[in-house]
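# Observations on the model geometry
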Amino acid sequence: MTATPVYLDHAATTPVDSRVVAAMAEVLSAGLGNPASTHPPGRAAAARVAHAREQVGALIGAAAADIVFTSGATEANALAILGHVRGQPAERRSKGHVLALATDHKAILGPVQRLADEGLAVTRLVPARDGVLSADALAAALRPGTLLVSLVHVNSETGVAQDLPALAAVCRERGVALHVDAAQSAGKLPLDVQGIDYLSLTAHKFGGPQGVGALYVAPARRVTLQAQQVGGGQERGLRAGTLPTHQIVGMGLACELARSGREALAAHLESLRQRLWQGLADLPGVLLNGHALQRAPGILNLSFEDVEGESLLAGLPELAVATGSACNSSSGEPSYVLRALGRDTQLAQASLRMSLGAGSTEQEVDTAIAAVRRELTRLRALSPRLPPPVADWQAQGWRVLQGEAGARRLGTWLRLLLAVEGDRVVAARFQAYGCPHTLAACRALVGALPGQGPSTPRGSPADWLAQSGAPTDKLGRMLLLEDALQAALSAW
Ligand SMILES: *Cc1c(COP(=O)(O)O)cnc(C)c1O
């Protein structure tokens, strides 16, 4: 087992480009002042910030003056969404309406929920099953009181890219402000703020450091946008707080590198994504999540029929990937993005998001392909869809006992198979759909059964729980194992 897993989670964060690291280190050791100070060390810092502001603006076709530095895309989104609405006259606000996508990032849905709590009407529009929002669907969902449309350009789970020019045209025609979260698109797709009122960026998704981002604010919106963090009046009063010069310099350089390297990176990511998809697409029951073509190049999201999500992930320790499985989410619910695209709970759970980056290689992709193929084969060999594997036992003349418990749609199903001769178990097997702890408990029990008689003690569900190291909330699954065992033994 490799100590460091293959990193296929660039949609969560990317390694910092070594040139960015060097530039940041230089700033940190240069003895610069506070960029708000007017003495020479302060002015030296301000000059670095001004240069970075140009670099950020250049990536998205914006003037440097329209860039507001933030701590990342979460803060940029909150500033755009809350600041835009709260900056409207009370009259307009009280009848106001905000529209986002049900598949948007939590960094959009959180502020939108806050506005709903404050009494605003909100719509969380469900896109088509391929994740794409059509201009017609957007137009139909706008209302006379719509103040803002806020949407993610490239979805961080599926990689689906919205058609920004078409959606921006609808907003402009209806006089509605448009906020775009471009955290995943920067450096991969061309970006232009033409027709867009607010656009969020974060450096750590394209080779920059964590903890710094930016919001583009169209000049016409600057007057009404309400600061959400107040204090010293930095960033023209739109975002108070001492500017972190080294972070901003890092982001600026990352933007410049993203701009000059975008086409080459996009081609690299697309060819690796194709390789990954082609290496898995021939397997039965593998489903591509999101539109096949209208997407950013680096993200592949797949759902797997007939396997349980937690077990799939647990079997892939050599890969650092993301999953829609509930155990991967703080809410305990499987991916709301995939659910909104019509995937059922099982398919949302049993999903993997593999996201590639500048440093990804064909060899890493091949490692991922081999690992996923191996795990699917392993888990599907236990599948409830297969007939009980007992032909060889019957050929031996052994008596076969079997017991089942649970249900696949409830997340756990298992079947125990015992071969008995006289008053002894001579062999035992299982089939199961369930979490890694359930599979481990089945494996342990099946290993312990041969040689035992109908009433030899076999331990209790509580023992199995303790032996498998499972958390206590998995006791229910151990009780299912007990049920299956009893069902098998009752026929003896
Ligand atoms: C990563 C991400 C964010 C959050 O950005 P932070 O800078 O980490 O706050 C927001 N939106 C999208 C689409 C993202 O991918």
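Please read all numbers here as calculations on a predicted model, not as lab measurements.

### Notes on the environment of Tyr7
Along the chain, Tyr7 turns up in strand S1 (residues 6-7). With near-sequence residues (within four places) excluded, Tyr7 lies in contact with Thr13, Ala320 and Ser360. A distance of 2.9 Å separates a polar side-chain atom of Tyr7 from the backbone oxygen of Asp9.

### Side note on the domain arrangement of the protein
For the protein, the assigned domains are domain 1 (6-11 + 264-381), domain 2 (18-259) and domain 3 (391-489). Centre-to-centre separation of domain 1 and domain 2, based on C-alpha positions: 28 Å. Contacts between domain 1 and domain 2 engage 21 residues on the former and 28 residues on the latter. Per-residue buried area on domain 1 facing domain 2 is highest for Gln294, Tyr336 and Leu341; these three make up 31% of the total on that side. Applying the counting rule to domain 1 against domain 2 returns zero salt bridges.

### Here we look at the pattern of salt bridges
Proximity of charged atoms lets side chains of opposite charge pair with each other. If you walk through the whole model with that rule in mind, you get 22 salt bridges. A salt bridge links Glu263 to Arg262; the shortest N-O distance between them is 3.8 Å. A relative accessible area of 61% places Glu263 in the exposed class. Between Glu318 and Arg374 there is a salt bridge, with the nearest N and O atoms lying 2.8 Å from each other. Of this pair, Glu318 sits in the loop between helix H10 (309-314) and strand S11 (319-320) while Arg374 sits in helix H13 (residues 362-380), placing them 56 residues apart in sequence. Salt bridges here are not isolated pairs; linked through shared partners, they connect Glu318, Arg374, Glu375 and Arg378.

### Points about the packing of aromatic side chains
Summed over all chains, the structure comprises zero aromatic pairs. A cation sits over an aromatic face here: Arg408 above Tyr433, 5.2 Å from the ring centre.

### Notes on the sheet that holds strand S9 (residues 286-288)
Strand pairing in a sheet takes place through backbone hydrogen bonds and is either antiparallel or parallel in direction. The antiparallel open sheet is built from four strands, whose spatial order is S9-S10-S13-S12. Only two strands of the sheet have a single neighbouring strand rather than two, namely S9 and strand S12 (322-323). Where strand S10 (residues 299-304) lies against strand S13 (residues 351-355), five bridges are found, and the strand directions are antiparallel. Residue pairing for S13: Ile299 is matched across the bridge by Ser355. Its contacts with the sheet put helix H9 (residues 245-280) on S9, S10 and S13, and the angle it makes with S10 is roughly 15 degrees.

### Here's the deal with the pairing of strand S14 (residues 399-407)
As judged from the nine bridges shared by S14 and strand S15 (residues 412-421), these two strands associate in the antiparallel manner. Bridge assignment links Gln402 to a residue of S15, and that residue is Leu417. In this antiparallel pair of consecutive strands, S14 and S15, the connection spans four residues, and Gly411 shows a positive phi of 105 degrees.

### Describing the nonpolar core
If you look at the biggest cluster of nonpolar residues, it comprises 54 residues, and the most contacted ones within it are Phe304 and Leu319. If you tally residues by element for this core, the top one is H13, at seven residues. Inspection of this core shows a minimum of three residues originating in each of domain 1 (6-11 + 264-381) and domain 3 (391-489). Those residues in contact with Phe304 that lie beyond four places of it in its chain are Gly285, Val286, Leu312, Gln346, Leu347, Ala350, Leu352, Val372, Leu376 and Arg380. Ala23, Phe69, Leu191 and Leu199 belong to the second largest nonpolar core, which has 51 residues in total.

### A few points about the packing of H9 against H13
Running from N to C, H9 and H13 cross one another at 25 degrees; their axes reach a closest spacing of 9 Å. Classed by the angle they form, the pair H9 and H13 counts as roughly parallel. Note that H9 runs across H13; the crossing there is right-handed. Between H9 and H13, the residues in contact are Leu272, Arg275, Leu276, Gly279 and Leu280 and Glu362, Val365, Asp366, Ala368, Ile369, Val372 and Arg373, respectively. When grouped by side-chain class, the residues that make up the contact of H9 with H13 number seven nonpolar, one polar and four charged.

### Focus: unusual backbone geometry
Keep in mind that most residues, glycine aside, have a negative phi and that most peptide bonds are trans. Located in the positive-phi region is Arg236, a residue other than glycine, with phi close to 55 degrees. Note on placement: Arg236 falls in the loop between helix H8 (219-222) and H9. With phi around 75 degrees, Asp306 is a residue other than glycine that occupies positive phi space. Take Asp306: its relative accessible area is 10%, and that puts it in the buried class.

### Some thoughts on the packing of helix H15 (residues 436-448) against helix H17 (residues 475-489)
For the pair H15 and H17, interaxial distance at closest approach is 10 Å and the crossing angle is 35 degrees. Both H15 and H17 take part in a crossing whose hand is right-handed. Contact with H15, carried on its side by His437, Thr438, Ala441, Cys442 and Leu445, involves Arg477, Met478, Leu481 and Leu485 of H17 and no other residues of that element. Residue composition of the contact of H15 with H17, grouped by class: six nonpolar, two polar and one charged.

### Some words on the site of the ligand
The environment of the ligand is formed by Gly72, Ala73, Thr74, His105, Ala107, Ser156, Asp181, Ala183, Gln184, Thr202, His204 and Lys205. In this structure, Lys205 approaches the ligand through a side-chain N or O atom, which is 2.7 Å from an oxygen atom. Calculation on the ligand without its partners gives an accessible area of 380 Å², and the protein chains cover 87% of this total. Here the shell around the ligand is composed, by residue class, of three nonpolar, seven polar and two charged.

Rules used throughout
- Residues numbered from 1 in each chain as written.
- Predicted model: local features only at pLDDT ≥ 70, side-chain atom pairs only at ≥ 80, totals over all residues.
- Heavy atoms only, no water.
- Helix = DSSP H or I, 4+ residues; strand = E, 2+ residues; numbered from the N terminus.
- Contact = heavy atoms within 4.5 Å.
- Polar contact = N/O pair within 3.5 Å; in protein donor to acceptor, adjacent residues only side chain to side chain.
- Domains from an automatic or database assignment.
- Buried area = accessible area lost by both parts, 1.4 Å probe.
- Salt bridge = Lys/Arg side-chain N within 4 Å of Asp/Glu carboxyl O.
- Buried < 20%, exposed > 50% of the residue type's maximum accessible area, 1.4 Å probe, protein only.
- Phe/Tyr/Trp six-rings, centres within 6.5 Å; stacked < 30°, edge-to-face > 60°.
- Lys NZ or Arg CZ within 6 Å of the ring centre and 35° of its normal.
- Pairing = 2+ DSSP bridges.
- Axes fitted to C-alpha atoms, helices over the stretch in contact; angles between N-to-C directions.
- Core = buried A, V, L, I, M, F, W, Y, C linked by side-chain atoms within 4.5 Å.
- Parallel < 35°, antiparallel > 145°, perpendicular 65-115°, else oblique.
- Left-handed = near helix turned anticlockwise from the far one by under 90°.
- Nonpolar A, V, L, I, M, F, W, Y, C, P; charged D, E, K, R; others polar.
- Near = heavy atom within 4 Å.
- Areas by Shrake-Rupley, 256 points an atom, 1.4 Å probe, with all protein chains shown as cover.

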